[in-house]
Amino acid sequence: MSGTAPDHVSARLERAQAAAREAGVDALVVTPGPDLQYLTGVVKHSHERLSALLLPAEGDPAFVVPTLERPGLDGSAVESMDVLTWTDGVDPHALAASRLGDPRRVAVAADMPALHVLGLRDALPAATLELATPILRQLRMRKDAGEVAALRTAGAAIDDVHAQVPDWLVAGRTEAEVGADITRAIVETGHAEAAFVIVGSGPNGASPHHEVSERVIERGDVVVVDIGGPLPDGYNSDSTRTYVVGEASDEVRDVYAVLQRAQAAAVDAVRPGATAESIDEVARAIIRDAGYGEFFVHRTGHGIGLEVHEEPYIVDGNDLVLEPGMAFSIEPGIYFPGRWGARIEDIVVVTDTGCEPVNRRPHDLLSC
Ligand code: ZN
Ligand code: ZN
């Protein structure tokens with residue numbers, strides 16, 4: 001590999017090339033998005049003008065970029081590569097194809113716009129295009145020490161927000177008002193933005209991806225608060241706690257105790273060598289045995305890193321064997337449509353012997 005890319009960039013590019021060779025793929029083409037950020041540190045937006053990393057399985061990488069965006073790469077790791085600039089009127093897909101030679105199998109980033117996928121297909125008529133995800137997920141799933149540290153920082157930041165939530169969850173306020181307080185705090189605790197803010201009060205808590213509404217919070221409401229976003233380095237937080245405004249009913253206490261047991265048991269079961277689906281089953285079996293199986297309507301968790309949802313998915317049917325460095329959520333929930341719901345979510349990182357949760361807030365039903 002040519003030049004002066006930082007060590008971790010060179011190492012990641014070389015590992016991606018090795019994984020491509022292993023898969024029998026001749027080249028990766030990676031447009032702006034989390035895969036590009038992971039491989040090069042470059043953060044850009046995809047649009048109709050093609051920018052892309054061209055990474056052959058053997059040989060030196062190159063970067064295609066519109067001339068007018070070339071200054072934006074100053075100081076980045078791609079400056080150690082051949083940077084191929086192009087001006088409006090030139091066919092950038094043909095330019096990329098000429099650099100790639102005569103590949104048979106080309107893997108493209110999953111979030112590449114169709115405009116560029118089809119442009120590449122036309123420019124490489126002899127090549128088969130496929131997703132780069134199976135190649136790159138092997139790298140991205142196993143977080144290195146720097147990435148684990150970033151997830152810890154993100155976890156501590158969102159914990160700080162949850163610590164303030166009881167002050168804002170007051171009967172008579174709307175979910176949207178509480179959500180605005182949370183959004184502000186997410187930024188104040190060091191996040192680049194609030195990527196999602198769910199305040200699901202009463203019946204809205206039974207809808208796992210509810211956001212906020214004008215519903216007025218009432219005494220006795222159970223409230224699901226699921227919040228997070230990226231820190232400036234791109235690594236994300238994601239944590240859910242369930243609160244009760246005033247006193248919980250006996251029913252709420254009983255159901256919540258089952259959920260708490262399921263979440264803790266699943267976290268306890270995480271260790272190298274366990275499969276992703278076995279962790280899902282640990283949580284699901286406890287909820288099912290208590291009679292609430294039909295009300296746990298989603299997978300137990302998802303990987304997290306530069307994306308809020310990425311591999312590995314903690315779901316039935318995923319026989320992936322967990323390894324140290326993998327990071328994902330453990331977030332079982334129980335939802336009674338039209339009535340109320342509850343969820344508990346922590347991010348955990350697999351260690352050599354078990355796992356380390358990056359979220360440390362109490363799991364009890366938190367009274368406001
Ligand atoms: Zn969440
Ligand atoms: Zn989540």
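In what follows, the accompanying structure is described. No experiment lies behind these values; they were computed from the predicted model shown. (Residues numbered from 1 in each chain as written. Chains lettered and ligands numbered in written order. Predicted model: local features only at pLDDT ≥ 70, side-chain atom pairs only at ≥ 80, totals over all residues. Heavy atoms only, no water.)

Considerations on the pairing of strand β3 (residues 62–66)
Counted only if it meets this: Think of it in three bands: residues with accessible area under 20% of the maximum for their type are buried, residues over 50% are exposed, and the middle band is partly exposed, with areas taken using a 1.4 Å probe on protein chains only. Put simply, DSSP H or I for four residues or longer makes a helix, DSSP E for two residues or longer makes a strand, and each gets a number counted from the N terminus. DSSP calls a pair of strands paired once it identifies at least 2 bridges connecting them.
Most of β3 is tucked away, with five of its five residues classed as buried. Of the two faces of β3, the one holding Ala62, Val64 and Pro66 and the one holding Phe63 and Val65 are both buried throughout. Pairing geometry for strand β2 (residues 52–56) and β3, over three bridges, is antiparallel. For leucine 53, the partnering residue across the bridge sits in β3 and is phenylalanine 63.

A look at the coordination of the zinc ion (ligand 1)
The following threshold applies: Coordinating donors are taken to be N, O and S atoms lying within 2.8 Å of the metal, or within 3.2 Å when the metal is Na, K or Ca; because water is excluded from the atom set, some sites may appear incomplete.
Those donors, Asp226 (OD), Asp226 (OD), Asp238 (OD) and Glu345 (OE), are the protein atoms that reach the zinc ion (ligand 1), and they lie 2.0 to 2.5 Å from it. All donors to the zinc ion (ligand 1) come from one chain, and their sequence spacing reads D-x11-D-x106-E.

Description of the coordination of the zinc ion (ligand 2)
To keep it simple, the criterion reads: Angle rules define the geometry names used: all angles between 85 and 135 degrees makes four donors tetrahedral, while opposite donors over 155 degrees apart and all other angles between 65 and 115 make four donors square planar and six octahedral, leaving every other case irregular.
For the zinc ion (ligand 2), the full set of protein donor atoms is Asp238 (OD), His302 (NE2), Glu331 (OE) and Glu345 (OE), and the range of their distances to it is 2.0 to 2.3 Å. If you look at the zinc ion (ligand 2), its four donor atoms make angles of 82 to 161° with each other, and the shape they trace is irregular. For the pair the zinc ion (ligand 2) and the zinc ion (ligand 1), the metal-to-metal distance amounts to 3.1 Å, and aspartate 238 bridges them. Here the residue aspartate 238 occupies a position in the loop between β8 (222–228) and β9 (239–244), and glutamate 331 occupies one in the loop between β12 (327–330) and β13 (333–336), the gap between them amounting to 93 residues.

Notes on the sheet that holds strand β17 (residues 366–367)
Quick note on the threshold: Note on contacts: a residue pair qualifies if any of its non-hydrogen atoms lie within 4.5 Å across the two residues. Angular values range over 0 to 180 degrees, each being the angle between N-to-C directions of two axes fitted as lines to C-alpha atoms, with helices fitted over their stretch in contact.
With respect to topology, four strands assemble into an open sheet ordered β7-β8-β9-β17, the strand pairing being mixed. Looking at the sheet topology across the chains shown, the edges are occupied by β7 (196–201) and β17. Two strands pair when backbone bridges link them, and β8 and β9 are joined in this way by six bridges, in the antiparallel orientation. Paired with isoleucine 227 across the two strands is serine 239, which belongs to β9. Strands β8 and β9 of the sheet are contacted by helix α6 (residues 145–168), whose axis makes an angle of about 10° with β9. Together, β7 and β8 form the strand contacts of helix α7 (residues 175–188), whose direction differs from that of β7 by roughly 150°.

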